[in-house]
Amino acid sequence: MAHVSIIGTGTMGQAIAGLVTKGGNTVELLGRGDADTPVTGDVVVLAVYYGAVADVIAQRGAQLAGKVVVDITNPVDVETFDSLVVPADGSATAEIAAALPQSRVVKAFNTTFAATLASGTVGEQPTTVLIAGDDTDAKSELAAIVTAGGLRAIDAGSLRRARELEALGFLQIGLAAGEKIAWTGGFAVAA
């Protein structure tokens, strides 16, 4: 059984917490008011907006050493919603991994909406969580949590694939914001 800490109590944090507990794992949700509460999970999900990641790392970086850290962010330009704010050859996840060299950082959950995590489906397809990272064991550990909760997990490759996952997440957000797709829908993976 895994113990997962989720930093961020918003819609995505709540949806991921539901997935974790559905799979028989334990979870702690840590919000803004919990800055003095230590992180106890072996897996830590950063369920915050990209703009808040630097503050989380500044406050909790030492606590994240040795842990699997899951970045769910989509580094979207929130002023214009027309681009990503990380270099074209990088990703938010790569920045987080560089800032947390003692952690095993993976990208996941950024290509799913909270509603599809909760429902377990995207249209007629099961919800799939794409996972990218350089640590095979960390990806496997997260995949086991995801599949225990009833969803499909796919290893999307190395940390370098986080860039493509962020682009896919950005596209999905743009389509939903433009009312081309519903926030209860999104991309499905037919395997």
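As the structure is a computational prediction, the values presented were derived from the model and not from experiment.

**Q** How should I be thinking about the sheet that holds strand S1 (residues 3–7) in this particular structure?
**A** The strands making up a sheet are joined through hydrogen bonds of the backbone, oriented either antiparallel or parallel. Read across the open sheet, the 7 strands follow the order S2-S1-S3-S4-S5-S8-S9; overall the sheet is mixed. Either end of the sheet is taken by a strand with one partner, and the two such strands are strand S2 (26–30) and strand S9 (152–157). The average undirected angle you get between the axes of adjacent strands in this sheet is 25 degrees. In terms of strand pairing, strand S4 (residues 68–71) meets strand S5 (residues 104–107) through 4 bridges, oriented parallel.

**Q** I keep staring at the nonpolar core and nothing clicks. Help me out?
**A** The nonpolar side chains of a soluble globular protein tend to be buried, and buried together. In this structure, Ile 16, Val 70 and Phe 109 are the most contacted members of the largest nonpolar core, which totals 28 residues. Among the elements of the structure, S1, helix H1 (11–22), strand S3 (43–46), S4, helix H4 (114–119), strand S8 (128–133) and helix H5 (136–148) are those that each provide at least two residues to this core. Of the residues forming this core, the biggest block, 6 residues, is contributed by H1. Those residues in contact with Ile 16, other than ones at most four positions away along the chain, are Ile 6, Val 45, Ile 72, Phe 109 and Leu 117. Judged by nonpolar contacts, the second largest core, of 14 residues, contains Leu 46, Val 53, Leu 64 and Val 105.

**Q** It is not clear to me how the pairing of S8 should be interpreted in this structure. Could you clarify?
**A** Side-chain direction in a regular strand flips from residue to residue, so the side chains alternate between the two faces of the sheet. With 6 of 6 residues buried, S8 is to be regarded as a mostly interior element. Alternating residues of S8 divide into Thr 128, Leu 130 and Ala 132 and Val 129, Ile 131 and Gly 133, and every residue in both groups is buried. As paired strands, S5 and S8 are joined by 2 bridges and run antiparallel to one another. Paired with Val 106 across the two strands is Gly 133, which belongs to S8. For S8 and S9, the ladder comprises 5 bridges, and the chain directions are parallel. By the bridge assignment for S9, Ile 131 is matched with Asp 155. Running through H5, the crossover from S8 to the neighbouring parallel element S9 is right-handed.

**Q** When you look at unusual backbone geometry in this model, what are you seeing that I'm missing?
**A** Backbone geometry follows two general trends: most residues other than glycine have a negative phi, and most peptide bonds adopt the trans configuration. Not every positive phi belongs to a glycine, and Phe 81 is a case in point at roughly 55 degrees. One can find Phe 81 in the loop between S4 and helix H3 (92–99). Residue Phe 81 is classed as partly exposed on the basis of its relative accessible area, which comes to 48%. A positive phi angle, near 70 degrees, is found at Phe 109, a position not held by glycine. As for its placement among the helices and strands, Phe 109 is situated in the loop between S5 and H4.

The rules behind these values
- Residues numbered from 1 in each chain as written.
- Predicted model: local features only at pLDDT ≥ 70, side-chain atom pairs only at ≥ 80, totals over all residues.
- Heavy atoms only, no water.
- Pairing = 2+ DSSP bridges.
- Helix = DSSP H or I, 4+ residues; strand = E, 2+ residues; numbered from the N terminus.
- Axes fitted to C-alpha atoms, helices over the stretch in contact; angles between N-to-C directions.
- Core = buried A, V, L, I, M, F, W, Y, C linked by side-chain atoms within 4.5 Å.
- Buried < 20%, exposed > 50% of the residue type's maximum accessible area, 1.4 Å probe, protein only.
- Contact = heavy atoms within 4.5 Å.
- Right-handed = clockwise from strand over helix to strand, strands pointing away.

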